Amino acid sequence: YRESLRRSQTSVPPWKRLRRAQRAYHLARYAQATARLPGNRIECGVLFGLSALIIGETLRALDPAFDGRGLYLVDSFEGLSAPHPADAIARGRFAMGEGHFAGASVEHVQGVMAGYPGCRVVKGWIPDVLETLPEAPWVFVHLDVDLYEPTLGALEYLMPRLVPGAVVVNDDYGSALFPGAGQAWDEFFRDRGLAF
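Residues numbered from 1 in each chain as written. Predicted model: local features only at pLDDT ≥ 70, side-chain atom pairs only at ≥ 80, totals over all residues. Heavy atoms only, no water.

Participant: Where do I start with the environment of His84 in this structure?
Facilitator: The topology assignment puts His84 in the loop between strand E2 (71-75) and helix H4 (106-112). The class for His84 is partly exposed, based on a relative accessible area of 22%. Linking His84 and Phe94, residues ten residues apart in sequence, is a C-alpha distance of 9.5 Å. Ignoring sequence-local partners within four residues, the contact set of His84 consists of Phe94, Tyr148 and Glu149. (Helix = DSSP H or I, 4+ residues; strand = E, 2+ residues; numbered from the N terminus. Buried < 20%, exposed > 50% of the residue type's maximum accessible area, 1.4 Å probe, protein only. Contact = heavy atoms within 4.5 Å.)

Participant: So what exactly am I meant to see when it comes to helix H2 (residues 17-33) here?
Facilitator: Along an α-helix, a turn takes 3.6 residues, which lines up residues three or four apart on a common side. With 17 residues, H2 should cover 24 Å at 1.5 Å per step; its first-to-last C-alpha distance of 25 Å lies within 8% of that length. Of all the positions in H2, only Ala24, Leu27, Ala28 and Ala31 are classed as buried. Along the long axis of H2, the arc covered by the buried residues comes to 100 degrees, so they all point the same way. Exposed residues on H2 whose side chains face more than 90 degrees from its buried face are Leu18 and Ala33. Against helix H3 (50-62) and strand E4 (138-143) lie the buried residues of H2. (Expected span 1.5 Å × (residues − 1). Arc of directions from axis to C-beta.)

Participant: How should I be thinking about the sheet that holds strand E1 (residues 40-44) in this particular structure?
Facilitator: Note on sheets: strands pair through backbone hydrogen bonds, and any given pair is parallel or antiparallel. Strand order in the open sheet formed by five strands is E3-E2-E1-E4-E5, with parallel pairing between adjacent strands. Two strands in the sheet have a free side with no partner beyond their single neighbour: strand E3 (120-123) and strand E5 (162-170). When strand polarity is set aside, the average angle formed by the axes of neighbouring strands in this sheet is 15 degrees. Note that E1 and E2 share four bridges and pair parallel. By the bridge assignment, Glu43 is partnered in E2 with Leu73. (Pairing = 2+ DSSP bridges. Axes fitted to C-alpha atoms, helices over the stretch in contact; angles between N-to-C directions.)

Functional significance is not addressed by these values, which are geometric in nature.
Structure below.
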């Protein structure tokens, strides 16, 4: 975890250190649980590549030949999209606005993931960019897009393409800063009568 922080140049404020480490641990465990399943993996919302590197390192620990093939990293690399009313933390107030998190680049993430030449970094807005990916089964999905619309769009695209035993992790579920991500999740599963 610490090495991934260093390599991705990700800083963590003191108030978030324990929580971030716990999330990294659970992300690695879920990636590990899907390691033997055939299919692709995707992270939606990459920023500096911390989680992507943790996923890659976890899979390589189980299979030293893992070179990133079948791992897709999708981000706008332009920060957050315009918020939806569901993203408000109070009437008309949002924790972060359009363009927040715009500090990362495709080149930076490619550098972080240089040890995984089969990994593909894809720039674009969700859900439109997902249509450009290969039509393939998905075994692991990490959603860290913060907002209602991209969370819902990713679920709508990826859920029908999951293989049995696949895992979907929503990083922002239950977040006080990003309530829309949890609302999109709840609506998606409720409207389809699915448990999670």
